[in-house]
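If you want the building blocks of each chain, they are given just below.
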Amino acid sequence: MVSFELDDEQKLVQETVSSFAADLMEPAMRESDESGEIPQEVIAKGWELGLLGGCIPEEYEGFGEELSALTGVIALEELGWGDLSMAMHLMAPSMLVISVLDQGTEAQKKQYLPAFCGEEYKAAASALVEPYYNFCPSAMRAVAERDGDEYVINGKKCLVPLAKESDHMLVFAATNPGMGFSGVDGFIVPVGTKGVEIGDREKNMGIKALATYPVNFKDCRVPLVCRLGEEEGCDFLRLLSRSRLALAALAVGMSRRALEHSRDYATQRIAFGEPIGSRQAIAFMIAEMAIEVDATRLLVWEAAWRCDKGMDFEKEAALAKNYAADMAMMVCDRGVQIMGGHGYIRDNPVELWFRNARGFATFEGMVMV
Amino acid sequence: MTIDFELSPRIKATKNMIHMFAESAIRPIARYYDENEHEKPWDLLNMVQKFMGGGMAGAFGAGGEEKKAEGEEAKEKKPRETNLAGAVTIEEIFWGDAGIALSFPGPGLGGAAVQASGTPEQKEKFLARFRGDKPVWGAMAITEPEAGSDTANIKTTAVLDGDEWVLNGEKIFVTSGKSALEDSEGFVVVWATVDRSAGRAGIKPFIVEHGTPGMQITKIEDKLGIRCSDTVSISFMDCRIPKENILGSPEVVDKTKTEGFKKVMATFDATRPLVAAMAIGVGRAALDFIKETLKEEGVELRYGINPHRMTSLERDIMQMEADLKAARLLTWRAVWMLDNGLRNDLQASMAKAKAGLAVTRITQKAVELMGPLGYSREYLLEKWMRDSKINDIFEGTGQIQLLVTARRILGFTREQLK
């Protein structure tokens, strides 16, 4: 039966994450973006929320709550509202953790999951995006070739969050090039493995507080047991789709924040004797921003709901992610436009959101629900 | 309750039934009644009334009924799905054909106004007729040559003379006006002012029965689309109606109090999402046409690949799909709120604004993408493009919806944001 009401647990998650975002993330956003560093307090307190450890089963030392994409996107919207860099840093290990949880073998679950159930934040990286203008996850250039009991990985990756801070990295590479999504597999690679070359921290237009790195793989050999799902392999498109939902939810949260900021400015800023929001040129922009933020959230919810129900959701997740990327850019661009000159000054958060927003069209596989 | 997008078995069954009906009974005659404007598919209309009478009328008039029941039902916490069922049903019928669907018998907006603010006696007297064997229509007359969405500027007057109201003025763009007043024993709800100096507070709705002397249809419009549905002008010259045919109180309270006006305006909170659902039905028809055509041609749509690697056609179609889905979800949210007794004026306007614009874009793009198949009158695509345009206009244009939305988001009154 159709309903748009959050259940009690989702409401609790939403409220908890929302206050965390308002109290700790948002106030630190600007300084963090300028310094390129995320306050330790945010990471520690954010980890305490248990968003990741919560969904790890008790047998692997987690709290054993059911993994729900829907609850995940609700939490991520709030984190995105707080700050995108911090949200992505906090949730970066989710790519590895949830992939293993969803598609790992029993042995892989036992080996990797307990490390993420402790009281202290534990980093993990994922390498998916490649540094080519026409990069597509279905046509990866990185390859992993089987050689006896090993896989040999070769290729270039970029936008790998926390590569240096992590012990393990989930690397996606084509095992069957030319086979599209079904020809891609994931490999859990210890960061110190020979053939893994982590470059200098990347300098990006936005998400400046998130440490991302380029990583080159040169004849990097990993044993067969490192392949996600081992003999079975993994359903890459499913993992990618869970990540698309997460990114789309972050886009909704950040855009909602930009909308609220623009709304407040439009009611307070006086020009020609009236608040600028009393002119249709501004008011209509705000109305459209509000409509699109809500519309995107509903697209994300529906796709996440399908995922939880065990239905196909890959198409819906792709539509939601692309829609969210466009929406975020539209909303944040208008945020800057509504502020006028003030929106171009770095004192104002909209210029930060504007830079971050452009990233959604590029981001893939950095966070997961 | 928790977030859920699954239609209940009851709604699903209705949806399937209506879809089959739309496909087998409406689609095949859609072109004929577009080319032969002002003719009506009487066989179909009689059948609709006979087999679906109350049901169909109910779907369109549901809003008013819901509004009224809200207060009483809220205590019971019983989940209601009347408006959601209405939205889903309407999408299917309009997938069949918008013009024909709009010409279906039923109480329409006029009936919704009676439901929303009529007395029990008025409801019995005016609404019983829709449950009979013969098709009957209700209509609403608001727009005037100089007052469309600017309802406060209504110039049609109503003056009390003894036991009768005397109406004078001219109304335009009355949907199903001819059906209500000439083709059946229906009525029209006319908005007129009892005190021009009182502005909005002086505007009241009056029920005028078919055949009332002094009321005359003066023009039947030729239109861009939805040609099967009649749109007329009506003039009132010393048109006398019984005193009890006013909806709500005849008192003009002070100018700042516009409760009666607001109550009838609140009818739109129920009807706007339904108009959005109409749009979505037409948009889906266009998308289905494209997908079938591409399937026949062996063209595969690749979801999930990098948009830069898609063909322009794939990008366009995915944009259209996401837009349509977004509009539908906003619409479902608006009706779900109504079903749950939540104030939905903001969400109703958001849904209508999104759907009206999305569907005009979708159908226009569809015609472009399909080239000669889109432009040819041999197929229905060009018709859907013409039909859908009305969705961004009637029941408040897209711009009016943006105004309503912006006022609510910014917390501005209508004086602060014009």
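Conventions used here
Residues numbered from 1 in each chain as written. Chains lettered and ligands numbered in written order. Predicted model: local features only at pLDDT ≥ 70, side-chain atom pairs only at ≥ 80, totals over all residues. Heavy atoms only, no water. Helix = DSSP H or I, 4+ residues; strand = E, 2+ residues; numbered from the N terminus. Rg over C-alpha atoms; globule rule 2.2 N^0.38 Å. Buried < 20%, exposed > 50% of the residue type's maximum accessible area, 1.4 Å probe, protein only. Contact = heavy atoms within 4.5 Å. Areas by Shrake-Rupley, 256 points an atom, 1.4 Å probe, with all protein chains shown as cover. Lys, Arg positive; Asp, Glu negative; His and termini not counted. Charge placed at Lys NZ, Arg CZ, Asp CG, Glu CD. Phe/Tyr/Trp six-rings, centres within 6.5 Å; stacked < 30°, edge-to-face > 60°. Polar contact = N/O pair within 3.5 Å; in protein donor to acceptor, adjacent residues only side chain to side chain. Patch = residues over 30% accessible without salt bridge, like charges linked within 9 Å, V, L, I, M, F, W, Y side chains within 5 Å. Salt bridge = Lys/Arg side-chain N within 4 Å of Asp/Glu carboxyl O. Expected span 1.5 Å × (residues − 1). Buried area = accessible area lost by both parts, 1.4 Å probe. pLDDT = per-residue confidence, 0-100. Pairing = 2+ DSSP bridges.

## Some remarks on the overall build of chain A
Assigned secondary structure in chain A consists of eleven helices and nine strands. Expected size for 369 residues packed as a compact globule is a radius of gyration near 21 Å; at 20 Å, chain A falls within 12% of this value. On the principal axes, the C-alpha backbone points of chain A span a range of 75 × 45 × 40 Å. Of all 369 residues assigned to chain A, the portion counted as buried reaches 63%. In chain A, once contacts between residues fewer than 6 apart in sequence are set aside, the share between residues at least 24 apart is 75%. Put simply, chain A shows about 14,100 Å² of open surface, and 48% of that area lies on carbon and sulfur atoms. Computed over 35 positive and 57 negative side-chain charges, the separation of the two mean positions in chain A equals 6 Å.

## Concerning the environment of A326 of chain B
Along the chain, A326 of chain B turns up in helix α10 (residues 312–339). Under the relative-accessibility criterion, A326 of chain B is labelled buried at 0%. Sequence-wise, A326 of chain B and A358 of chain B are 32 residues apart; in three dimensions their C-alpha atoms are separated by 9.1 Å. Apart from residues lying up to four places away in sequence, A326 of chain B is in contact with A295, L299 and Y323 of chain A together with K354 of chain B.

## Section: the packing of aromatic side chains
All names here are of chain A. Counted by the stated rule, this structure contains 16 aromatic pairs over all chains. Their ring planes at 55° and their centres at 4.9 Å tell us that Y151 and F187 sit as a pair that is tilted. One end of the pair, Y151, is in strand β3 (residues 150–161); the other, F187, is in strand β5 (residues 184–190), and 36 residues separate them in sequence. Its relative accessible area of 5% is what places Y151 among the buried residues.

## Comments concerning the side chain of S278 of chain A
Inspection of the secondary structure puts S278 of chain A in the loop between β9 (274–275) and α8 (280–308). Only 3.3 Å separates the side chain of S278 of chain A from the side chain of E274 of chain A, close enough to count as a polar contact. Side-chain polar atoms of S278 of chain A contact the backbone oxygen of P275 of chain A, separated by 2.7 Å. Leaving out residues up to four positions away in the same chain, S278 of chain A has contacts with F412, Q416, L417 and K418 of chain B.

## Considerations on a negative patch on the surface
All names here are of chain A. Together, E9, E65, E66 and D308 make up a region of like negative charge exposed at the surface. If you trace the backbone, E65 turns up in the loop between α2 (40–48) and α3 (69–82). Overall, E65 belongs to the partly exposed group, its relative accessible area being 44%.

## Notes on α3 of chain A
Residues and elements named next belong to chain A. The terminal C-alpha atoms of α3, which comprises 14 residues, lie 20 Å apart, in line with the 20 Å expected from a rise of 1.5 Å per residue. Most of α3 sits out of view: 14 of its 14 residues are buried. In this structure S68 caps α3, since a side-chain oxygen of it lies 3.3 Å from the backbone nitrogen of L70.

## Thoughts on the interface of chain B and chain A
At the interface, 46 residues of chain B touch 49 residues of chain A. When the two sides are added together, the surface that chain B and chain A hide from each other amounts to roughly 4,500 Å², 69% of it contributed by carbon and sulfur. On the surface where chain B and chain A come into contact, there are four salt bridges. Linking E321 of chain B and K315 of chain A is a salt bridge whose minimum nitrogen-to-oxygen distance equals 3.2 Å. In this assembly, chain B and chain A are joined by 18 residue pairs in polar contact (both at pLDDT 80 or more). Elements that contribute at least two residues to the side of chain B that touches chain A include exactly α10, α11 (345–370) and α14 (398–410) of chain B.

## With respect to the confidence of the model for chain B
Residue and element names in this part refer to chain B. Per-residue pLDDT for chain B averages 91, and the proportion of residues at 70 or more is 90%. With pLDDT under 50 throughout, residues 55–76 is counted as low confidence; its partners more than four residues away or in other chains account for 37 contacts. Across the assembled chains, the prediction reports ipTM 0.95 with pTM 0.94.

## Here's the deal with α10 of chain B
Side chains of residues three or four places apart in an α-helix project in the same direction, reflecting 3.6 residues per turn. Residues and elements named next belong to chain B. Given a rise of 1.5 Å per residue, 28 residues ought to cover 40 Å, and the 40 Å separating the end C-alpha atoms of α10 matches this to within 8%. In terms of residue burial, α10 counts as a mostly covered element, since 24 of its 28 residues are buried. In the stretch just after α10, G341 is the one whose phi turns positive, near 70°.

## A closer look at the pairing of strand β5 (residues 203–209) of chain B
Residues and elements named next belong to chain B. With seven of seven residues buried, β5 is to be regarded as a mostly interior element. Side chains I203, P205, I207 and E209 of β5 all project onto a buried face; the interleaved residues K204, F206 and V208 project onto the opposite face, where all are buried too. Relative to β5, strand β4 (residues 187–193) runs antiparallel, the two sharing seven bridges. Looking at β5, one finds that A192 is bridged to K204.

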